[in-house]
Amino acid sequence: MEQRMGVFRLLIAGMLVLIVGGVATTAWALRRAEPRPEPGAGGTARPSAAPPSPSGSPAPPPFTGWSDPALVGLPQGTKVPGLLTFRGNPTRTYYGQGPVPRTTPAQRWQFPRSGGLCAMSSDKGETREWCGTGWTGQPAVFERDGRTWVVFGAYDRSIHFLDAATGERILPDFKTGDIIKGSVTVDPDGYPLVYSGSRDGFYRVIATDRATPTELWKLAADAVKPTLWNDDWDGAGLVIDDYLLEGGENSQFHVVKLNRGYGPDGKVTVAPQLVWHTPGWDEQELKDAGDTNVSIENSVAVYRDTVYFANSGGLVQGWDLSGLKAGREPARTFRFWTGDDTDASIVVDADGFLYVGSEYEKGNARSKEVGQMLKLDPARPGNPVVWAVKDTGKRPGGVWGTPALHRDIAIYDTAGGDVLGLDRATGAVRWRIHLPGGETWQSPVVVDDTLVIGDCTGVMHAYDVSDTYAEPKPLWESKIGGCIESTPAVWKGSLYFGTRAGAVHALAAG
């Protein structure tokens, strides 16, 4: 891979020398062979048509790998309109479709209308009541048969299937054995299937073409060996070419062949096979980190033929899946240790660079040295850090939310409530704003040049970020109540999100 990328760089560098007479450019500019649709554009952009081939030369072949780089920033596929998984696509760079309200929106509905989505659950030996939705908790929003669905898991141990217009149930709740912290995934190929984990130790495939949501299959956290840490499933799985890719808090990464289809009665079927798995840690990490907390809590990302994920020990990895469908063993092609808990999902841009957010909890030498907001180049495995920004002023600090890419900036938020716009080429801080309420764990969302982000006092904020060099201009605030820990979903004029106060809310232009 490094050799191929080296050749690619040489070709592009030569072209730029001819064009600009040898003017030096950044590595980021050298990698951009052609304009790409930018994330945050509201989901309406499409890749530009390929340039015409010279007379007599064949057109370039269509992309045949796992995740086409031309689709960075765009929704996953065209069969199901919607925001189908956490951050919308395999590179975790699609944030929904506008328009976004530019003035203070009205609350369209609240679910449930009274009471709360609450249940008892145990964590680190403590049993307490959990309410609402939390990290990451982004609803899936999609259109099917003339209706818009909102589907999410919550702290009442259930997955809910609601009508986006009314907030009423389309299907009964699907009960699990414990709370649901992560985001669900909706099948991108049109099969009536929802994929979700739970703290009860299982990752499930659920059919939604029955009167009652029906479990078709589940993967137990102890189905593979060896495992470390616990049996929760926080990450939102990716479904690509009939394969499910998912990391677990059992500290393993899993690939499942789904074998989707339909039975004689016309109902959807699956016949899953766990075809490959690997530990998300290695012995060097255990030695360096000094403990076994190496769970995979983030949602895996895929760029071209490489899957990327990180773990709670700070190990960032890339695995080449190019031969998996033909029965060849995947190989690890990238390894980087941040030194601290890295639960935010890795984001990949159109040129293959990785944007990584890491926490600052352990306060070890590596975490202090590396930083908490990073851009990595996997084509330079010996020295992958393009830039890094630190957030080590206090512990815990650093980043829990997944960064967002918007035009020429990367937007990170920190546990201390800061939101930063960083120059994607250099890492320079272009602007910084501060949200009240302490910890900010949700992931920033940008659609139609509008940044949407909530705080832990229960206020949802919207900012104009059309000028990426200027401090964002406040557009509106909406007081909801309860810490907004979950990431909002934006779809055609409405926002859908939950809070720790116990309910899920829909906001829309009044």
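Residues numbered from 1 in each chain as written. Predicted model: local features only at pLDDT ≥ 70, side-chain atom pairs only at ≥ 80, totals over all residues. Heavy atoms only, no water.

## Details of the overall build of the protein chain
From N to C terminus, the protein chain includes four helices and 40 strands. Here the protein chain, with 510 residues, has 60% of them falling under the buried criterion. A separation of at least 24 residues holds for 55% of the contacts in the protein chain among residues at least 6 apart in sequence. Put simply, the protein chain shows about 19,100 Å² of open surface, and 52% of that area lies on carbon and sulfur atoms. (Helix = DSSP H or I, 4+ residues; strand = E, 2+ residues; numbered from the N terminus. Buried < 20%, exposed > 50% of the residue type's maximum accessible area, 1.4 Å probe, protein only. Contact = heavy atoms within 4.5 Å. Areas by Shrake-Rupley, 256 points an atom, 1.4 Å probe, with all protein chains shown as cover.)

## Describing unusual backbone geometry
Cis geometry is found at the peptide bond from Trp-135 to Thr-136, where omega equals 0 degrees. Position of Thr-136 relative to the elements: it lies in the loop between strand E5 (126-131) and strand E6 (140-144). Residue Asp-145 is not a glycine yet carries a positive backbone phi of 55 degrees. Inspection of the secondary structure puts Asp-145 in the loop between E6 and strand E7 (147-153). The phi dihedral of Asp-448 is positive, around 55 degrees, even though this residue is not glycine. A relative accessible area of 31% places Asp-448 in the partly exposed class.

## Quick notes on the sheet that holds strand E28 (residues 385-389)
Ordered by their spatial adjacency, four strands build an open sheet running E24-E25-E27-E28, and the pairing between neighbours is antiparallel. A single partner strand is all that each edge strand has here, and the edge strands are strand E24 (347-348) and E28. (Pairing = 2+ DSSP bridges.)

## Focus: the sheet that holds strand E2 (residues 96-97)
Spatial strand order, E2-E38-E39-E40-E3: five strands in an open sheet with mixed pairing. The open sheet has two edge strands, E2 and strand E3 (106-111), and neither has a second partner. For E3 and strand E40 (residues 504-508), the ladder comprises five bridges, and the chain directions are antiparallel. Looking at the pairing, Trp-109 lines up with Ala-506 of E40.

## Describing the side chain of Ser-158
Its place among the elements puts Ser-158 in strand E8 (residues 158-163). Of note is the side chain of Ser-158, whose polar atom sits 3.2 Å from the side chain of Lys-175. Not counting residues within four places of it along the chain, the set of residues in contact with Ser-158 comprises Phe-152, Gly-153, Asp-173, Phe-174, Lys-175 and Ile-180. (Polar contact = N/O pair within 3.5 Å; in protein donor to acceptor, adjacent residues only side chain to side chain.)

## Describing the environment of Leu-405
Note that Leu-405 resides in strand E30 (residues 404-406). In this structure, the C-alpha to C-alpha distance between Leu-405 and Val-348, residues 57 residues apart in sequence, is 9.1 Å.

## Some remarks on the state of the cysteines
Considering all chains together, one arrives at two disulfides under this definition. There is a disulfide in this structure between Cys-118 and Cys-131, and the S-S distance comes to 2.0 Å. Taking the torsion about the sulfur-sulfur bond, which here is approximately 115 degrees, the covalent link between Cys-118 and Cys-131 counts as right-handed. In this pair, Cys-118 sits in strand E4 (residues 118-123) while Cys-131 sits in strand E5, placing the two residues 13 residues apart along the sequence. We classify Cys-118 as partly exposed; its relative accessible area is 27%. Taking the relative accessible area as the measure of exposure, Cys-131 reaches 15% and is therefore buried. Two residues, Cys-456 and Cys-483, share a disulfide whose sulfurs are 1.9 Å apart. The disulfide joining Cys-456 to Cys-483 has a torsion of about -100 degrees about its S-S bond and is therefore left-handed. Placement of the pair is Cys-456 in the loop between strand E35 (450-454) and strand E36 (459-464) and Cys-483 in the loop between strand E37 (473-479) and strand E38 (489-491), with a sequence separation of 27 residues. Take Cys-483: its relative accessible area is 15%, and that puts it in the buried class. Each bonded cysteine of the protein chain is numbered by sequence order, and under that numbering the disulfide pairs are 1-2, 3-4. (Disulfide = S-S within 2.5 Å.)

## A closer look at the pairing of strand E33 (residues 429-434)
Sheet analysis places strand E32 (residues 418-423) next to E33, joined by five bridges and oriented antiparallel. Within the sheet, the bridge partner assigned to Leu-422 lies in E33 and is Val-429. Linking E32 back to E33 in an antiparallel pair, the connection comprises five residues, with Gly-427 at a positive phi of about 85 degrees.

## Here's the deal with the packing of aromatic side chains
Using the criterion set out here, one finds 12 aromatic pairs in the structure. Over the aromatic face of Trp-130 sits the side chain of Arg-199, whose NZ or CZ is 4.7 Å from the ring centroid. A cation over an aromatic ring shows up here: Lys-257 above the ring of Tyr-243, its NZ or CZ 5.6 Å from the ring centre. (Phe/Tyr/Trp six-rings, centres within 6.5 Å; stacked < 30°, edge-to-face > 60°. Lys NZ or Arg CZ within 6 Å of the ring centre and 35° of its normal.)

## Description of the environment of Gly-417
In this fold, Gly-417 is placed in the loop between strand E31 (409-413) and E32. Of the residues examined, Gly-417 reaches a relative accessible area of 0% and is grouped as buried. Expressed as a C-alpha distance, the spacing of Gly-417 and Cys-456, which sit 39 residues apart in the sequence, is 8.8 Å. Among residues more than four places away in sequence, those in contact with Gly-417 are Ile-433, His-434, Leu-435, Gly-438 and Thr-440.

## Thoughts on the pattern of salt bridges
Under the definition given, this model contains 26 salt bridges. Salt bridges here are not isolated pairs; linked through shared partners, they connect Asp-187, Asp-189, Asp-242, Lys-257 and Arg-260. (Salt bridge = Lys/Arg side-chain N within 4 Å of Asp/Glu carboxyl O.)

## Describing the nonpolar core
Counting 38 residues, the largest nonpolar core has Tyr-355, Tyr-412, Val-419, Trp-431, Leu-451 and Leu-495 as its most contacted members. Here the element with the most residues in this core is E31; it accounts for four residues. (Core = buried A, V, L, I, M, F, W, Y, C linked by side-chain atoms within 4.5 Å.)

## A closer look at the confidence of the model for the protein chain
Taken as a whole, the protein chain shows an average pLDDT of 91; of its residues, 89% reach a score of 70 or greater. Every residue in residues 1-37 scores below 50 in pLDDT, and together they form 42 contacts with partners more than four places removed in sequence or on other chains. (pLDDT = per-residue confidence, 0-100.)

## Description of the pairing of E8
Burial runs high along E8: six of the six residues are buried. Residues of E8 alternate between two faces, with Ser-158, His-160 and Leu-162 on one and Ile-159, Phe-161 and Asp-163 on the opposite face, all of them buried. In the sheet, E7 pairs with E8 via five bridges, with the strands oriented antiparallel. Bridge pairing in E8 links Trp-149 to Asp-163. Counted between consecutive antiparallel strands, the loop separating E7 from E8 contains four residues, among which Arg-157 sits at a positive phi close to 75 degrees. When E8 meets strand E9 (residues 169-175), the two strands line up antiparallel, connected through four bridges. Its bridge partner being in E9, Ser-158 is matched across the sheet by Lys-175.

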